[in-house]
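Here is what each chain is made of, one letter per residue.
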Amino acid sequence: MRNLLLLLLIGLFVLPVSFAQKAADREEWVQIFNGKDLKDWDIKIAGRPLNDNYQNTFRVEKGILRVVYDQYKTFDFKYGHIYYKKPFAYYRVRFQYRFLGNQTPGGDSWNVRNSGIMLHSQSAESLSLNQTFPVSLEMQLLGGLGKGTRHTGNLCTPGTQVFIGNNLRPEHCTDSDSKTYDGDQWVTAEAIVLGDSIVHHLINGDTVLTYQRPQVGGGFVSKDHDWNAGRFGANAEKHWVSQANTPLGSGYLALQAESHPIDFKNIEVLELKGCMNPRALNYKSYYVKADNTKCRYKK
């Protein structure tokens, strides 16, 4: 009888602790695309004012966020992006994408089955009217062309620069070591972004590229495609040049429209910054950056 009472008392103590541990370990992914409309997203297309969805480029059909050009006669340099309303610093973003059909007439040759997601991006409203790409880290998405190797989950750096190991990478794009994905198949992409320290790109669960210390700087793209070629305007160019070598630790998420039709779905984010006090109700064991101002306690 004595042993039975002891076991019951131990059980009464262990169960709440075990429950709390499981709650702390449970990942709370947030769907940032609701599958119904473009609420909470801002659109910026080169040459068009903020939230002018030119020719219905961005649309929602059957739970999919689509980048479509069926109302275009020609692409006409209408580089565009759709930005989620909230900036992030420490987080994981995960989604699925697929390329479809043929490129829109007038698109650049390097944009065949080419798109991306911009990480740590400037906001939609901060872009100049004619600006083509935001200052950001682009996780470049490429579809196979049915012949040879074509990696996806690469890195391109409009207005930014990164280190790999201890080496600054001056080139605009850096290839990942992913597989090639031909055809119109769905591919799962993920980025793990830890402020201004380290970023990992994953494709179908495999880490394909890692880089460190993202910064503003390095010019826009290259000497042949500078700030002027990116249509920033004099004031914007001056601002970003003045920010050279500044650590890039937060920003917005943006999906690209670069002339080839692409679909996105299941776009979700897991915050990695938050309450790290184990005594709090909303403590999460997987957080990597503390913000204990968010902690909630029992009254």
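Above: the structure in question.
Everything numeric here is computed off the predicted structure, so don't read it as measured data. One numbering rule holds for all chains: residues counted from 1, following each sequence as written. Residue-level local features of this predicted model are given only where pLDDT is at least 70; pairs of side-chain atoms are given and counted only at 80 or more, and the full residue set underlies all totals for whole chains, interfaces and linings. The side-chain figures draw on all heavy atoms in the structure; neither hydrogens nor water molecules are used.

## Quick look at the packing of aromatic side chains
Working definition: an aromatic ring pair is given by the centre-to-centre distance plus the angle between the planes.
Okay, so step 1: Stacked, tilted and edge-to-face are the three classes assigned to paired rings of Phe, Tyr and Trp, where Trp is represented by its six-membered ring and a pair needs centres within 6.5 Å; plane angles under 30 degrees give stacked, over 60 edge-to-face, the rest tilted. The final tally for this structure, using the stated rule, is 17 aromatic pairs.
Okay, so step 2: Between Y69 and F75, the ring centres sit 5.9 Å apart and the planes meet at 75°, which makes this aromatic pair edge-to-face. F75 carries the same exposure label as Y69, and that label is buried.
Okay, so step 3: Here Y79 and F133 contribute two aromatic rings whose centre-to-centre distance is 5.0 Å and whose plane-to-plane angle is 45°, an arrangement assigned as tilted. Taken together, the residues Y79 in the loop between strand 4 (64-67) and strand 5 (80-84) and F133 in the loop between strand 7 (114-121) and strand 8 (137-142) connect sequence positions 54 residues apart.
Okay, so step 4: Members of the aromatic cluster, joined through ring pairs, are Y54, Y69, Y72, F75, F77, Y79, W110 and F133.
Okay, so step 5: We note R213 situated over the ring of F163; from NZ or CZ to the ring centre the distance is 3.7 Å.
Okay, so step 6: Any Lys NZ or Arg CZ that is within 6 Å of a ring centre and within 35 degrees of that ring's normal is treated as a charge sitting over the ring. Here K265 stacks its cationic end above the ring of W186, 4.2 Å away from the centre of that ring. Summary of the burial criterion: residues with accessible area below 20% of their type's maximum are buried, those above 50% are exposed, and those between are partly exposed, where the area comes from a 1.4 Å probe applied to protein chains only. Per the convention used, a helix needs a DSSP run of H or I reaching at least four residues, while a strand needs a run of E reaching at least two, with both numbered from the N terminus.

## Considering the sheet that holds strand 16 (residues 252-257)
Okay, so step 1: Pairing between strands is defined by DSSP: at least two bridges between the two strands are required. Taken in spatial order, the seven strands make up an open sheet running 2-5-16-7-8-9-12, and their pairing is antiparallel. The sheet is open, and its two borders are formed by strand 2 (41-45) and strand 12 (173-174), each paired with just one other strand.
Okay, so step 2: Where strand 5 and strand 16 come together, four bridges link them in antiparallel fashion. In the strand pairing of strand 16, H81 is matched with Q256.

## Describing unusual backbone geometry
Okay, so step 1: Non-glycine residue N56 carries a positive phi angle of around 55°.
Okay, so step 2: Along the chain, N56 turns up in the loop between strand 2 and strand 3 (58-61).
Okay, so step 3: At S259, a position not held by glycine, the phi torsion is positive, near 105°.
Okay, so step 4: A relative accessible area of 0% means that S259 is categorised as buried.

## Overview of the nonpolar core
Okay, so step 1: Counting residues in each nonpolar core, the largest one holds 54 residues, and the members touching the most others are Y97, L119, L253 and F264.
Okay, so step 2: In terms of residue count, strand 6 (residues 90-99) provides more of this core than any other element does, five residues in total.
Okay, so step 3: Not counting residues up to four positions away in its chain, the partners in contact with L253 are I32, W41, I82, Y83, Y84, F88, Y91, V93, I117, M118, L119 and V269.
Okay, so step 4: The nonpolar core is taken to be a set of buried Ala, Val, Leu, Ile, Met, Phe, Trp, Tyr and Cys residues, with the residues joined through side-chain atoms within 4.5 Å. Within the second largest apolar cluster, eight residues are counted, among which are L194, L270, L272 and Y287. The contact definition used throughout considers only heavy atoms, calling two residues in contact when any of these lie within 4.5 Å.

## A short note on the pairing of strand 5
Okay, so step 1: Counting buried positions over the five residues of strand 5 gives five, a clear majority of the element.
Okay, so step 2: In terms of strand pairing, strand 2 meets strand 5 through five bridges, oriented antiparallel. Residue pairing in the sheet places K44 in a bridge with H81 of strand 5.

## Some details on the side chain of Q140
Okay, so step 1: Here Q140 shows up in strand 8.
Okay, so step 2: You can call Q140 buried: its relative accessible area is 11%.
Okay, so step 3: Look past the residues within four positions of Q140 in its chain and what remains in contact with it is N114, S115, G116, T152, G153, N154 and C156.

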